[in-house]
Amino acid sequence: MRLALLALRLMCLAWLWPVTQLNSSTFPKKRRHKELYVGENSKLKHGDTKLKHGGRVDLKMKKLDSTKSLLIKSEQLLRIEDHDFAMRPGFGGSALPVGIDVQVESIDSISEVNMDFTMTLYLRHYWQDDRLAFPSSSNKSRTFDSRLIKKIWVPDVFFVHSKRSFIHDTTMENIMLRVFPDGNILYSVRITVTALCSMDFSSFPLDTQNCSLELESYAYNENDLMLYWKNGNDSLRTDEIVLSQFFVEDFQPSFGLAFYSSTGWYNRLYINFILRRHIFFFMLQTYFPTMLMVMLSWVSFWIDRRAVPARVSLGITTVLTMSTIITGVSASMPQVSYVKAVDIYLWASFLFVFLSVIEYAAVNYFTTVEEMKKLKNAKIPSSYNANQAMAFDGCFHDNDIDLPSFPEAASTPNTERNTQSRNSTISAPSEGTRLRRRNTIKHNLNFIMSNSYMIDSYSRVIFPLAYLLFNIIYWSLYA
């Protein structure tokens, strides 16, 4: 009996041995894969993968992962290997329409010295390529990054008159490609470009500058590619732009054609904007200091004409200060061959300061000449010390000497005869008029030389009125 039971057990073991070997070779492998999958996903951040029941993977979430190789790869879906994307869509047919819209993010800088501006913008292209159409039951688009751009055809738009430009690449290249099932494509890129702006500084700093950023296809003329604004005037959008020296008055898109003798006509798009300069900065840095220097030069008109050191030092100081202001303004401006509005104001103000120095030179000269004449004609007493009169400023002064009055000449027959001859010459109209003019000019000159202090009195009124008149004319023309 025992032998029969033992034989039965051996037969059962022999029959179950292949099944045990099959299970041991299959299920441990599956379990290792499952544990590996759980281990890898457990290292991900919270929210990336949901684990349920102590580490078991939610198989429903796993099935919804569209990046698994169970689905068709993007390159296979778009049939990239089946076409030659070195050629434009519809090659040999009509021109391919490419819509453009731009969103200006910022105007980073504007340089008057280099005559350029730097702008950061989002440039978006819209076109249709039937070669990239794909079947889709949900009619949803697919979005890709820069890795797919190099494998398909994209428009070769460039910036005319650009000096430097680059595509932002932090943290990845700022490029987006969106493909729709019907073959429509959206290609967006974030670019910073530095472009030329031909500026006119004839009214600087009261000027308004018109700048433009121009877009054009490099290789395809109007027979192959047609650039146009996607939504008309609404194709150009801007964020709130605040500049330190300029106020952006207007952004306006426009369209035109450019001709090249060797390749033909090309479509060109323009981003036009108007910049009006803020004047307050230049009022504080240039105009107000210049006005103060001119008014400071007028102080010498109230200083005694005998105080030579005081008036000369004041005049030289104002002249040197004006020279410094002119040099500083010229250093921050391009070397243009025409006169700017600020140059007119600075050099006119410099002329007023320079004339105030010349005015004192004339006053001092006339004073010296008149006093020397008085000293020659006067009888100086022996007790008079000439060094005492010259001790103050090196000139003789009329109030230091008692000059005797000259007696009137006695009337003689000769003088009476001369008087009669003078009266007879008055009847000649032309000759008398010339003599009277000469006598008037000579009399006025002698009067000014004998009363040189009156030059300061007249300058106190003439200089401020002339400068006020100049400012009225200047600001009415340029403001």
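Structure shown above.
If you're wondering where the values come from, they're calculated on a predicted model, not measured in any experiment.

**Things to note about the state of the cysteines**
Move 1: As enumerated under the stated definition, the model contains one disulfide in all.
Move 2: Residue pairing for cysteine 197: its cysteine sulfur links by disulfide to cysteine 211, the two sulfurs lying 1.9 Å apart. The S-S bond linking cysteine 197 to cysteine 211 shows a torsion near -75°; that makes this disulfide left-handed. Of this pair, cysteine 197 sits in the loop between strand S9 (184-196) and strand S10 (208-217) while cysteine 211 is found in strand S10, placing the two residues 14 residues apart along the sequence.

**Comments concerning helix H10 (residues 453-478)**
The α-helix winds at 3.6 residues per turn, so residues separated by three or four positions along the chain end up facing the same way.
Move 1: The terminal C-alpha atoms of H10, which comprises 26 residues, lie 38 Å apart, in line with the 38 Å expected from a rise of 1.5 Å per residue.
Move 2: Listed in full, the buried residues belonging to H10 are Met454, Ile455, Asp456, Ser459, Phe463, Tyr467, Phe470, Asn471 and Tyr474.

**Observations regarding the packing of aromatic side chains**
Move 1: Evaluated as defined, the whole model comprises 26 aromatic pairs.
Move 2: Taking 5.8 Å as the distance between ring centres and 55° as the angle between the ring planes, the aromatic pair formed by tyrosine 365 and phenylalanine 366 counts as tilted.
Move 3: By relative accessible area, which is 51% here, tyrosine 365 ends up exposed.
Move 4: Among the residues examined, phenylalanine 366 registers a relative accessible area of 17% and is labelled buried.
Move 5: Each member of the aromatic cluster is reached from another via a ring pair, and the members are Tyr287, Trp298, Tyr345, Phe352, Tyr467, Phe470, Tyr474, Trp475 and Tyr478.

**Notes on the side chain of glutamate 214**
Move 1: With respect to the secondary-structure elements, glutamate 214 resides in strand S10.
Move 2: Residue classification places glutamate 214 among the buried positions, given a relative accessible area of 11%.
Move 3: Polar contacts involving the side chain of glutamate 214 include one to the side chain of arginine 268, which spans 3.0 Å.
Move 4: With residues near it in sequence (within four places) discarded, glutamate 214 still touches Phe158, Phe159, Val160, His161, Arg268, Leu269 and Tyr270.

**Describing a nonpolar patch on the surface**
Move 1: On the surface, Tyr458, Val461, Ile462, Leu465, Leu468 and Ile472 cluster together to form a nonpolar patch covering roughly 620 Å² of accessible area.
Move 2: Relative to the helices and strands, valine 461 is located in helix H10.
Move 3: Residue classification places valine 461 among the partly exposed positions, given a relative accessible area of 46%.

**Quick look at the pattern of salt bridges**
Move 1: Per the stated rule, a full pass over the model turns up 16 salt bridges.
Move 2: Measuring nitrogen to oxygen at the nearest pair gives 2.6 Å for the salt bridge that ties glutamate 249 to arginine 276. Of this pair, glutamate 249 sits in strand S13 (residues 246-260) while arginine 276 sits in strand S14 (residues 264-277), and the two are 27 residues apart along the sequence.
Move 3: In this structure, a network of salt bridges that share partners links the residues Asp101, Arg124 and Arg237.

The rules behind these values
- Residues numbered from 1 in each chain as written.
- Predicted model: local features only at pLDDT ≥ 70, side-chain atom pairs only at ≥ 80, totals over all residues.
- Heavy atoms only, no water.
- Disulfide = S-S within 2.5 Å.
- Helix = DSSP H or I, 4+ residues; strand = E, 2+ residues; numbered from the N terminus.
- Expected span 1.5 Å × (residues − 1).
- Buried < 20%, exposed > 50% of the residue type's maximum accessible area, 1.4 Å probe, protein only.
- Phe/Tyr/Trp six-rings, centres within 6.5 Å; stacked < 30°, edge-to-face > 60°.
- Polar contact = N/O pair within 3.5 Å; in protein donor to acceptor, adjacent residues only side chain to side chain.
- Contact = heavy atoms within 4.5 Å.
- Patch = residues over 30% accessible without salt bridge, like charges linked within 9 Å, V, L, I, M, F, W, Y side chains within 5 Å.
- Areas by Shrake-Rupley, 256 points an atom, 1.4 Å probe, with all protein chains shown as cover.
- Salt bridge = Lys/Arg side-chain N within 4 Å of Asp/Glu carboxyl O.

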